[in-house]
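Listed below, chain by chain, are the residues.
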Amino acid sequence: MAIIAVSVAPAGVGTSLSEYVARAVRIALDDPRVNARLDPMFTTLEGNLDDCLDVARKMHEAMFEAGAQRASTIIKID
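This write-up is about the structure you can find in this document. Bear in mind that the values here come from a model prediction, so they are computed numbers and not experimental data.

**Description of the pattern of salt bridges**
Right, on to step 1. As enumerated under the stated definition, the model contains nine salt bridges in all.
Right, on to step 2. Two residues, R37 and D39, come together in a salt bridge whose shortest N-O distance is 3.0 Å.
Right, on to step 3. Residue classification places D39 among the partly exposed residues on the basis of a relative accessible area of 28%.

**Remarks on the nonpolar core**
Right, on to step 1. V6, L45, V55, M59 and M63 are the most contacted members of the largest nonpolar core, which has 16 residues in total.
Right, on to step 2. Considering every element that reaches this core, the biggest residue donor is helix α2 (residues 49–65), with six residues.
Right, on to step 3. Those residues within four positions of V55 in sequence are excluded, and the remaining contacts are I27, A28, D31, R33, V34 and L45.

**Brief notes about a nonpolar patch on the surface**
Right, on to step 1. Together, L49, L53, I75 and I77 give the surface a local cluster of nonpolar side chains, amounting to about 320 Å² of exposed area.
Right, on to step 2. Looking at the nonpolar patch, the elements with two or more residues in it are α2 and β4 (70–77).
Right, on to step 3. Look at L53 and you get partly exposed, because its relative accessible area is 34%.

Reading guide: rules and limits
- Residues numbered from 1 in each chain as written.
- Predicted model: local features only at pLDDT ≥ 70, side-chain atom pairs only at ≥ 80, totals over all residues.
- Heavy atoms only, no water.
- Salt bridge = Lys/Arg side-chain N within 4 Å of Asp/Glu carboxyl O.
- Buried < 20%, exposed > 50% of the residue type's maximum accessible area, 1.4 Å probe, protein only.
- Core = buried A, V, L, I, M, F, W, Y, C linked by side-chain atoms within 4.5 Å.
- Helix = DSSP H or I, 4+ residues; strand = E, 2+ residues; numbered from the N terminus.
- Contact = heavy atoms within 4.5 Å.
- Patch = residues over 30% accessible without salt bridge, like charges linked within 9 Å, V, L, I, M, F, W, Y side chains within 5 Å.
- Areas by Shrake-Rupley, 256 points an atom, 1.4 Å probe, with all protein chains shown as cover.

Okay, here's the thing in structure tokens:
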């Protein structure tokens, strides 16, 4: 089992980021392949490594689907 900490932030969208972050968080919480937990600085995903990385990729891509010009994603794997 892998534990992954994911932090996704859009860029080029102004100062209000909550709409973008909420999309990423919803992807993590709704995916049945992983256990997701919201922490103060990261979203923690637990599960199969490939599944966790796929969810992290979807979280990153959600920024662009929502209209962000750029996105920065930090991933820590244990």
